[in-house]
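Here are the chains, one letter per residue:
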Amino acid sequence: MNFELSEEQQLIQDSVARFVQENYGLEARVALAAKDPGFSTTHWQTMAELGWLALPFAEADGGFGGNQIDVMVIMEQFGKGLILEPYLASIVMGGGALKRGASAALKEEILAGVIDGTYQLTLAYAEPQSRFDLHDVTTSARVDGDSFVINGAKSMVLNASTASHIVVSARTGGGQIDESGISLFLLNADTDGLTREDFPTVDGLRASELAFKDVRIGADRLIGEVDKGYEILNATANDAILALAAEAVGAMEVLYKDTVAYTQEREQFGHPLSDFQVLQHRMVDMFMEYEQCKSMLYRATMEAAAGDPETAQRTIHALKHIVGKYGIFIGENAVQLHGGMGMTEELRVGHYFKRMLVIDSQFGNADYHLQKFAA
Amino acid sequence: MDIELSQQDQDFRQDVRQFFADNAYKAGEDYAEWRLEWFKKAAEKGGWDVPKWSPEFGGPGWTPTQHYIWEQETARATLPWDMPFGVGMVAPIIMAYGNKAQQDRFLPDIRARRVNWCQGYSEPGAGSDLASLKTRAELSADGSHYVVNGTKIWTTAAHIADWIFCLTRTDDSGKKQEGITFLLFPMKQDGIEVKPIITLGGAHSVNTVYLTDVKVPVENRIGEQGKGWTYAKGLLQHERTGLAGLSRSLVALEGLRDNARSVPRGNSTLMDDPAFRAKAAELEIDLMAAEFTELRSLASAAAGAAPGPESSILKLKGTEIQQRIQKLTVEAGGIYSAAWGPKPVGNSFAKGGMAGYLASRAYTIYGGASEVQKDVVAKNVLGIKRSSR
Ligand SMILES: Cc1cc2nc3c(=O)[nH]c(=O)nc-3n(C[C@H](O)[C@H](O)[C@H](O)COP(=O)(O)OP(=O)(O)OC[C@H]3O[C@@H](n4cnc5c(N)ncnc54)[C@H](O)[C@@H]3O)c2cc1C
């Protein structure tokens, strides 16, 4: 057991931290989020050049063979600046599905572009009726000769407006909520019959509703085996949860530290707010839950990296539960302790708080994972 | 003790329902006209346009039970748009501390909703510690007017208000609660600049108000110079009892359950999810108790007693419940609560739910932040004396 980062991880952490420090002040973030494409293509290129996009891919595929711990190191720093670039969507979600299931030919065709930033991926898994269940899939893929024909809808697809390729889950067999009978496909974003409705999310990111009308796709675009996509999907979702939790932990740190700083500057009743014991205790609670989330993040990430999926699965449920619950707790209290200022868009805390809310809604909220854990 | 409503009270409820039905807004009607007409008709019912005013000023003089019934019924009906600052906040001050001329001048317009008011209390340096406010009002040499300079912040609706009631400092030689003067003045005049503040959901309701050499005739001063704090404190009490919103919360909870029934969850709906049901039930239980806390408080007020200890917790409990309902609405919205485009995505309530939740975070900040309210309860109700500070 050892919690030290390797020298390489330490270097990456420092360089990501520097990038965030230099590029992701609140004003810069707000300006990027406000105009298309909703992030900086220059930053995206920088991330490719620094090798961050290559990190979790196998060396054979042109990557650095990193694991969940390496991604955690990056995402935690990203969380401190609420980075807008589609790292989660393209590298962790879309890339995660491809590296697990794609054929050698498909990997060869796509991954180099993902790693150098020319291609951008995302994963379309949620549906209007599915809520948080990955296995609730009604979008269908019907066999027709040596291709499939996809019909249905996908919801809240992260960064789909800029994606070049979309990994889609569709039903090739079984009933609506069966884990078997789900297959994954890699679609070009401009495929005929695929339409998008794009919109911002409350945290300043972008998402889309997708509709599939007789979308024809070759069997060679299948990721993994027919009907066996769920396992890949779930493993990818687990990686996404780990990445989101790392981002959340970075954001929580900003929330509690900004609050500690603000209450020492702001005076009321002739005292800094931080003199008031009830506020001190609240900030200790915020700090305590931040540390708890960080511990659970380490636990889950290390278990996942150790390659023990069953143990890791339970811990990942636990992680998503407490990150959702305490992320919102810390956000609400950061706002409360800032008083009226916390309610404005002028300070960071409000923006980080909104990100906490969205993180809770992605890949299952606190209640959902509590029930999974208890089951 | 008797929990049954008397025949009289039941008739009253019927009467209220009938009134709301008869005067409901009809599609196509001019809204502004309908609104003023509604208040006129309510006035003809005998003060239904100003339920909390005393009969001396045209209020209905209802019993606590009638107030309770009114609150329940208004939570369900669609009433015309109204703001609390006129009828609910400045009018009680004018009635209690204003002179006859001021009452004649201001109350009719407030009552008819012809004039919109805003509340100029908070300042950048004076939030919870309101008494430390610094906006200066200097009496002119001839004693005819004040000259006001300073900055007010978080002023809700300042951008649409016609008048402001404002706390100003006329003396800083003594205790900070002394030397505060209560002034009324029009918003649309030279020397007043209103700058919007955008809050978390992207909404514009609050503002910064810059006051530069604003002339206010002495006739617009309420009561005595230097006594404004005493007047404002009475008003804050009014403001707080109005903020619990329990009946509205009960209706909101019903709405939330309806929404949850429309959210698919596997082969059933979210309303069949035991964890969700339990959270909604917990809220209902807290509301059932809080409703009776409110009734007890109304009853002791009607008996002429000072607001009982139970009233001090209403704002705290009521706002906490409102926030929990909003939070559960966001949870019910599921993946769609993140969507923030111009139109709703996925389901009809998620976007409004998120906006409502974000706005609700202010409920425990304004009208006395919860932490400070609890200090007040500890000191004034529990009688806890502190040895220092
Ligand atoms: C949406 C909104 C609308 C508003 N509308 C109006 C309006 O129309 N007119 C108007 O005049 N004002 C208005 N306000 C202002 C509101 O009354 C103040 O925000 C409130 O008084 C708190 O002051 P503050 O924001 O300066 O916070 P602060 O006083 O700085 O408080 C920050 C935090 O410190 C805590 N704190 C402060 N003192 C203590 C203490 N002694 N012990 C323990 N904790 C303490 C508070 O509870 C809070 O959590 C509005 C505010 C908001 C957010």
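Residues numbered from 1 in each chain as written. Chains lettered and ligands numbered in written order. Predicted model: local features only at pLDDT ≥ 70, side-chain atom pairs only at ≥ 80, totals over all residues. Heavy atoms only, no water.

## A short note on the layout of surface pockets
- Considered as a void within the structure, the second largest pocket measures approximately 870 Å³ in volume.
- Looking at the lining of the second largest pocket, the elements that each hand over two or more residues are helix H9 (309–338) and helix H11 (366–374) of chain A together with helix H8 (274–302), helix H9 (314–333) and helix H11 (370–381) of chain B.
- Sorting elements by how many residues they give to the lining of the second largest pocket places H9(B) first, with nine residues.
- Of the residues that constitute the lining of the second largest pocket, the class distribution is eight nonpolar, nine polar and 15 charged. (1 Å grid on protein atoms, 1.4 Å probe; cavity = no way out; pocket = protein on both sides within 12 Å on 5 of 7 lines; lining within 4 Å. Points joined across faces, edges and corners; volume = space filled by probe spheres on them. Helix = DSSP H or I, 4+ residues; strand = E, 2+ residues; numbered from the N terminus. Nonpolar A, V, L, I, M, F, W, Y, C, P; charged D, E, K, R; others polar.)

## Notes on a nonpolar patch on the surface
All names here are of chain B.
- There is a patch of nonpolar side chains on the surface, built from Tyr25, Tyr31, Trp81 and Ile160 and spanning about 370 Å² of accessible area.
- With respect to the helices and strands, the residue Ile160 is situated in the loop between strand E3 (145–153) and strand E4 (163–169).
- Its relative accessible area of 38% is what places Ile160 among the partly exposed residues. (Patch = residues over 30% accessible without salt bridge, like charges linked within 9 Å, V, L, I, M, F, W, Y side chains within 5 Å. Areas by Shrake-Rupley, 256 points an atom, 1.4 Å probe, with all protein chains shown as cover. Salt bridge = Lys/Arg side-chain N within 4 Å of Asp/Glu carboxyl O. Buried < 20%, exposed > 50% of the residue type's maximum accessible area, 1.4 Å probe, protein only.)

## Here's the deal with the pattern of salt bridges
- Counted according to the given criterion, the structure contains 46 salt bridges over all chains.
- As a salt-bridge pair, A:Asp239 and A:Arg100 come within 2.8 Å of each other at their nearest N and O atoms. Of this pair, A:Asp239 sits in helix H7 (residues 229–265) while A:Arg100 sits in helix H5 (residues 87–101), placing them 139 residues apart in sequence.
- The class of A:Asp239 is buried, set by a relative accessible area of 11%.
- When salt bridges with common partners are traced through the structure, they connect A:Asp367, B:Lys279, B:Lys327 and B:Glu331 into a single cluster.

## A word on helix H10 (residues 348–361) of chain A
All names here are of chain A.
- For H10, with 14 residues, the first-to-last C-alpha span of 21 Å sits near the 20 Å given by 1.5 Å per residue.
- Within H10, 13 of the 14 residues are buried, leaving the element largely enclosed by the surrounding structure.
- The first or second residue beyond H10 is Phe363, which carries a positive phi of 55°. (Expected span 1.5 Å × (residues − 1).)

## Focus: the site of the ligand
- Every one of the 28 residues lining the ligand counts as a neighbour, but A:Arg266, A:Gly340, B:Ser128, B:Thr156 and B:Glu371 are closest to it.
- In this structure, the ligand sits where chains A and B come together, each supplying nearby residues.
- One nitrogen or oxygen atom from the main chain of A:Gln336 is found 2.8 Å from an oxygen atom belonging to the ligand.
- If the ligand stood free it would expose 970 Å²; the protein chains cover 93% of that surface.
- Sorting the residues of the shell around the ligand by element identifies helix H8 (277–305) and H9 of chain A together with H11 of chain B as the ones contributing at least two each.
- By residue number, the principal contributor to the shell around the ligand is H11(B), which donates three residues. (Near = heavy atom within 4 Å. Polar contact = N/O pair within 3.5 Å; in protein donor to acceptor, adjacent residues only side chain to side chain.)

## With respect to the domain arrangement of chain A
All names here are of chain A.
- Domain boundaries in chain A define domain 1 (7–120), domain 2 (122–228) and domain 3 (231–374).
- Each of domain 1 and domain 3 has a C-alpha centre, and these two points are 22 Å apart.
- Counting from both sides, the interface comprises 21 residues of domain 1 and, opposite them, 31 residues of domain 3.
- Buried surface at the junction of domain 1 and domain 3, both sides included, amounts to about 2100 Å², of which 71% is carbon and sulfur.
- Run the count over domain 1 and domain 3 and you get three salt bridges.
- Taken together, the connections running from domain 1 to domain 3 amount to three residue pairs in polar contact (both at pLDDT 80 or more). (Domains from an automatic or database assignment. Contact = heavy atoms within 4.5 Å. Buried area = accessible area lost by both parts, 1.4 Å probe.)

## Here's the deal with the domain arrangement of chain B
- As far as domains go, chain B holds domain 1 (115–226) and domain 2 (244–380).
- Computed from C-alpha atoms alone, the centre-to-centre distance between domain 1 of chain B and domain 2 of chain B is 32 Å.

## Re the nonpolar core
- Counting residues in each nonpolar core, the largest one holds 121 residues, and the members touching the most others are A:Phe78 and A:Tyr87.
- Ranked by residues supplied to this core, first place goes to H7(A) with 19 residues.
- Leaving out residues up to four positions away in the same chain, A:Tyr87 has contacts with A:Trp44, A:Trp52, A:Leu53, A:Leu55, A:Pro56, A:Val71, A:Ile74, A:Met75, A:Phe78 and A:Val92.
- By size, the runner-up hydrophobic cluster in this structure holds 34 residues, among which are B:Phe85, B:Phe165, B:Ile180 and B:Leu236. (Core = buried A, V, L, I, M, F, W, Y, C linked by side-chain atoms within 4.5 Å.)

## A closer look at empty space enclosed by the protein
- Enumeration over the complete set of coordinates arrives at five cavities of 30 Å³ or more.
- Quantified by volume, the largest cavity comes out at close to 170 Å³.
- Taken together, 17 residues form the lining of the largest cavity, with A:Tyr125, A:Met156, A:Leu158, A:Gln362 and B:Ile335 sitting closest to its centre.
- When contributions to the lining of the largest cavity are tallied by element, the ones reaching two or more residues are strand E3 (147–158) and H10 of chain A.

## Comments concerning the pairing of strand E6 (residues 194–200) of chain A
Residue and element names in this part refer to chain A.
- Sheet analysis places E6 next to strand E7 (residues 206–218), joined by seven bridges and oriented antiparallel. If you follow Pro200 over to E7, its bridge partner there is Arg206.
- A loop of five residues connects E6 with E7, the two strands running antiparallel in sequence, and Gly204 in this loop sits at a positive phi of about 90°. (Pairing = 2+ DSSP bridges.)

## Digging into the state of the cysteines
- Under the defined criterion, the tally for this structure stands at zero disulfides over all chains.
- Among the cysteines around B:Cys166, which has no disulfide bond, B:Cys118 carries the closest sulfur, lying 8.3 Å off. (Disulfide = S-S within 2.5 Å.)

## Some thoughts on the pairing of E4(B)
Residues and elements named next belong to chain B.
- For E4, the buried fraction is high: seven of the seven residues fall into the buried class.
- Neither face of E4 is left uncovered, since the one carrying Trp163, Phe165, Leu167 and Arg169 and the one carrying Ile164, Cys166 and Thr168 both have all their residues buried.
- Looking at chain direction, strand E1 (residues 117–120) and E4 are connected through four bridges and run parallel. Looking at E4, one finds that Cys118 is bridged to Ile164.
- In terms of strand pairing, E4 meets strand E5 (residues 180–186) through seven bridges, oriented antiparallel. The residue bridging Trp163 from the neighbouring strand is Pro186, located in E5.

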